[in-house]
Amino acid sequence: MSEDAGVRGVVVAHSELATALVEAVSRIAGLEAGVLEPLSNEGLGPDAIKDALAERLGDGGPAIIFTDLREGSCGIAAQRLCVDRPEHVVITGVNLPMLLDFALKRHLPLRDLVERIVDRGRNAVQALPGPE
Amino acid sequence: MTVVLYRVDERLIHGQVVVGWGAQLEPDRIVVVDDVLAESPWEQELYAVGLPPEMAAEFVAIDDAIERLPDWQRSPERIILLTRDIGSMLELAEAGGLDGVRVNIGGVHHAPGRDPVLRYVFLGDAERDALRRLAARGVEVVARDVPGARGVGLDELVGDG
């Protein structure tokens, strides 16, 4: 990583979902190298997922781990990693709108960014036309 | 009802178990047999927090599980029993509790000394030996990650076929 002071992110998810999401963010919003990295759980046990996350996040600095299922192996590994890492936050239910917001606003303070991203992700889920 | 699924899965409670097998088997309870988790309340909470309300979770050490296995097998509840590794399931079998049952191999992942056998099963000599010993205890060993996937029997798993 360079001297970039923004929040970093890792997307950890089942199958090829993380790679596809990060690729989509890169094509829509553009991404600098190392800002948002994908990780698949394919072939990895719980400790291996946790170790791979730790390797991507390094020793410190604010970071968000985005994952698909809170109760899945990715979500559990992320939460285990973050137990003693106050500058790391796990966001579950990852979707493309929240990742785009992350890419565009990641220089906000971590807590403000997390609040904003979670709102953005929730608000992106709509039924159209809406209920009468 | 009984124990509706005996499964070896390093990931323990996760999507394949809760969503995949859970939807098909409709378990009332998931029993995780694991000495480490049995002593770690905060990790138990991590694993249990995402379960649907109709599905309970319990975390039991292996020695306790050996004692309680007959009760689970006669229980009116539908139970999924999980172990993290083949060796733990083998301990239950060697205590005499698994004769005639089918054990599902759902996830034994990459580690040093293990070779890929299936996308979700990596085995080394120790794991192959444990699988053979399970079979010798009257257990039918079948690898299948999710319902509907092809079941892979012992011979194909350990290379004896």
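Residues numbered from 1 in each chain as written. Chains lettered and ligands numbered in written order. Predicted model: local features only at pLDDT ≥ 70, side-chain atom pairs only at ≥ 80, totals over all residues.

*Asks:* Mind showing me how you'd approach the overall build of chain B here?
*Replies:* Regarding its fold elements, chain B presents 7 helices and 9 strands. Taking 161 residues into account, the globule formula puts the C-alpha radius of gyration at 15 Å, and chain B, at 15 Å, falls close to it. Its C-alpha atoms give chain B principal-axis dimensions of about 40 × 30 × 30 Å. Across the 161 residues in chain B, those meeting the buried criterion constitute 41%. (Helix = DSSP H or I, 4+ residues; strand = E, 2+ residues; numbered from the N terminus. Rg over C-alpha atoms; globule rule 2.2 N^0.38 Å. Buried ≥ 20, exposed ≤ 12 C-beta atoms within 10 Å, placed from the backbone.)

*Asks:* Quick question: what am I supposed to make of the sheet that holds strand 4 (residues 78–83) of chain B here?
*Replies:* Sheet strands associate in pairs through backbone hydrogen bonding, adopting either a parallel or an antiparallel arrangement. Residues and elements named next belong to chain B. Strand order in the open sheet formed by 7 strands is 3-2-4-1-5-8-9, with mixed pairing between adjacent strands. Sheet topology places strand 3 (56–60) and strand 9 (152–153) at the edges, where each strand pairs with a single neighbour. Here 2 bridges tie strand 8 (residues 140–143) to strand 9, and the two strands are oriented antiparallel to one another. Across the sheet, Ala-143 pairs through a bridge with Val-152, a residue of strand 9. (Pairing = 2+ DSSP bridges.)

*Asks:* Looking at this structure, how should I read the interface of chain B and chain A?
*Replies:* By a widely used convention, the size of an interface equals the accessible area lost when the partners come together. With 14 residues of chain B at the interface, the matching set in chain A holds 14 residues. Taken together, the elements giving at least two residues each to the side of chain B that touches chain A come down to helix 1 (15–25) and helix 3 (41–48) of chain B. Looking at side-chain class alone, the side of chain B that touches chain A contains 6 nonpolar, 5 polar and 3 charged residues. (Contact = placed C-beta atoms within 7 Å. Nonpolar A, V, L, I, M, F, W, Y, C, P; charged D, E, K, R; others polar.)

*Asks:* Could you clarify how one ought to interpret the pairing of strand 3 (residues 63–67) of chain A in this entry?
*Replies:* Every regular strand shows the same layout, with side chains that alternate between the two sheet faces. Residues and elements named next belong to chain A. Counting buried positions over the 5 residues of strand 3 gives 5, a clear majority of the element. Along strand 3, one buried face is formed by Ala-63, Ile-65 and Thr-67 and the opposite face, lined by Ile-64 and Phe-66, is buried too. Sheet topology places strand 1 (residues 8–13) next to strand 3; 5 bridges connect them, and they run parallel. Following the sheet pairing, Val-10 is matched in strand 3 by Ile-65. As paired elements, strand 3 and strand 4 (residues 88–91) share 4 bridges and run parallel to each other. Bridging from a neighbouring strand, Phe-66 pairs with Ile-91 of strand 4. Following the backbone out of strand 3, through helix 3 (residues 73–82) and into the adjacent parallel strand 4, one traces a crossover that is right-handed. (Right-handed = clockwise from strand over helix to strand, strands pointing away.)

*Asks:* Looking at this model, I keep getting lost on the sheet that holds strand 1 of chain A. Mind explaining?
*Replies:* Residue and element names in this part refer to chain A. One open sheet accounts for 4 strands, arranged 2-1-3-4; its pairing is parallel. Among the strands making up the open sheet, the edge pair consists of strand 2 (36–40) and strand 4. For this sheet, the mean angle separating the axes of adjacent strands, direction not counted, is 20 degrees. Sheet analysis places strand 1 next to strand 2, joined by 5 bridges and oriented parallel. Its bridge partner being in strand 2, Val-12 is matched across the sheet by Leu-39. Each of strand 1, strand 3 and strand 4 is contacted by helix 3, which is oriented at about 160 degrees to strand 3, the strand it contacts most. Helix 5 (residues 110–123) contacts strand 3 and strand 4 of the sheet and is inclined by roughly 5 degrees relative to strand 4. (Axes fitted to C-alpha atoms, helices over the stretch in contact; angles between N-to-C directions.)

*Asks:* Honestly, helix 4 (residues 62–74) of chain B in this entry has me stumped. Any pointers?
*Replies:* Each α-helix turn comprises 3.6 residues. Residues three or four places apart therefore point the same way. Look at helix 4 of chain B: 19 Å from first C-alpha to last across 13 residues, which is about the 18 Å you get at 1.5 Å a residue. Helix geometry: helix 4 of chain B is bent most strongly at Arg-68 of chain B, by close to 50 degrees, with proline Pro-70 of chain B lying one to four residues after it. (Expected span 1.5 Å × (residues − 1). Bend = angle between axes of the 7 residues up to and from the residue.)

*Asks:* Explain helix 5 of chain A here, please?
*Replies:* All names here are of chain A. Here helix 5 is 14 residues long and its end C-alpha atoms lie 20 Å apart, about the 20 Å a rise of 1.5 Å per residue gives. Residues Leu-113, Ile-117 and Gly-121 constitute the buried set of helix 5. Mapping the buried residues of helix 5 onto a view down its axis gives an arc of 60 degrees, with all of them on the same face. Exposed positions of helix 5 whose direction lies more than 90 degrees from the buried face are Arg-111, Asp-112, Glu-115, Asp-119, Arg-122 and Asn-123. Where helix 5 is buried, its residues meet strand 4 and helix 4 (96–105). (Arc of directions from axis to C-beta.)

*Asks:* What's the story with the pairing of strand 4 of chain B in this structure? I'm lost.
*Replies:* Residues and elements named next belong to chain B. Within strand 4, 5 of the 6 residues are buried, which leaves the element mostly enclosed by the surrounding structure. Note: strand 1 (residues 2–9) against strand 4, 6 bridges, orientation parallel. Across the sheet, residue Arg-7 finds its bridge partner in strand 4, namely Leu-82. When strand 2 (residues 29–33) meets strand 4, the two strands line up parallel, connected through 5 bridges. Counted as the bridge partner of Ile-30 is Ile-80 from strand 4.

No statement about biological role is implied by the geometric values presented.
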